[in-house]
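Observations on chain architecture
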Amino acid sequence: MTQIPNSLAETLKTKGVTNTDLADHLGVHANTVSQWTTGKAAPSAGRQTEIAEHLDTTVTAIWPNTGTTATGLVNTYQRRTDVPDDIWQAMTRATTGPVDLLGFAVRFLPTIDEDVFTILAGRAAAGTRMRICLADPNHHTVTERDNEETDSGSVVDRVRDGINMFTEHLGGFDTVEIRLHHLPLHMSVYRFGPQMLVTSHLPGVPGAGAPTSHYKSTGNDADMFNTYSTAFDSVWADAQPVE
């Protein structure tokens, strides 16, 4: 039997809610909730909405396949900061697949989940491959971006902080590689296993304020997940290992 991907069990644990608590709230048997948490069954769309509202999260944070289009698009947000923290947390905590991160600094992850590096380090120790691709702070593309973002502090300093942060927490694992790229900031990619968030950058707009889309792999080579994965591979091939 194919299991239905979901993070209900972890969400319940995070929120301090037991299977019995949820069952009582919904008026169903606890065994029904157990079927949902193990992926043997899924609640109806109405029930999913009710559960998500009760747990103060979103349906797609718990059931990532819900609402996915043929292109793999799950949702689009006006700003990266509009992406619910539960989406990020579900992706980082549930994945056992490859992790690919592309951006300038990517310093914001610990502000969304203070345990993110503990989680990623555990995945890396267990053999999960991770490719971290950040900007080269000494390259002119970073200086140019610094001149654009006049109201958001030093981009150069943020990039250096990001490199130090990832090197400190993940640099000691054989399964983790950190490289630096020389590209202008067109997109940032945050891939965790079969899901990713992609930020489309705008001139002069800090990454936190740029549009961000959530994609899931559909298994189709023509979907957007594959398109961005291929783009990441191209950037990675030209990036240089951090010294």
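Computed from a predicted model, the values in this text were never measured in an experiment. (Residues numbered from 1 in each chain as written. Predicted model: local features only at pLDDT ≥ 70, side-chain atom pairs only at ≥ 80, totals over all residues. Heavy atoms only, no water.)

1. Some remarks on the layout of surface pockets
By rolling a water-sized probe across the atoms, one finds the places where empty space is left. Estimates place the volume of the largest pocket at around 400 Å³. Lining the largest pocket we find 23 residues, and of these Pro5, Asn6, Ser7, Pro64 and Ala94 sit closest to its centre. Listing elements by their share of the lining of the largest pocket, those giving two or more residues are α1 (8-15), α5 (59-62), α6 (85-94) and β7 (212-216). The element best represented in the lining of the largest pocket is α6, accounting for 4 residues. Of the residues assigned to the lining of the largest pocket, the class counts are 12 nonpolar, 10 polar and 1 charged. Taken as a whole, the second largest pocket encloses approximately 330 Å³ of empty space. Lining of the second largest pocket is provided by 19 residues; of these, Arg80, Ala105, Val106, Arg158 and Gly207 occupy positions nearest its centre. Put simply, the parts of the chain that give the lining of the second largest pocket at least two residues each are α10 (155-170) and β5 (187-192). At 3 residues, the largest contribution of residues to the lining of the second largest pocket is made by α10. (1 Å grid on protein atoms, 1.4 Å probe; cavity = no way out; pocket = protein on both sides within 12 Å on 5 of 7 lines; lining within 4 Å. Points joined across faces, edges and corners; volume = space filled by probe spheres on them. Helix = DSSP H or I, 4+ residues; strand = E, 2+ residues; numbered from the N terminus. Nonpolar A, V, L, I, M, F, W, Y, C, P; charged D, E, K, R; others polar.)

2. Here's the deal with the sheet that holds strand β4 (residues 176-181)
Spatially, 8 strands are ordered β1-β7-β6-β5-β2-β3-β4-β8 in an open sheet, and the strand pairing comes out mixed. A single partner strand is all that each edge strand has here, and the edge strands are β1 (73-77) and β8 (240-241). In the sheet, β1 pairs with β7 via 4 bridges, with the strands oriented antiparallel. Within β7, the residue paired with Leu73 across the bridge is Tyr215. Of the strands in this sheet, β2 (99-102), β3 (130-135) and β4 touch α10, which is tilted by about 160 degrees from β3. (Pairing = 2+ DSSP bridges. Contact = heavy atoms within 4.5 Å. Axes fitted to C-alpha atoms, helices over the stretch in contact; angles between N-to-C directions.)

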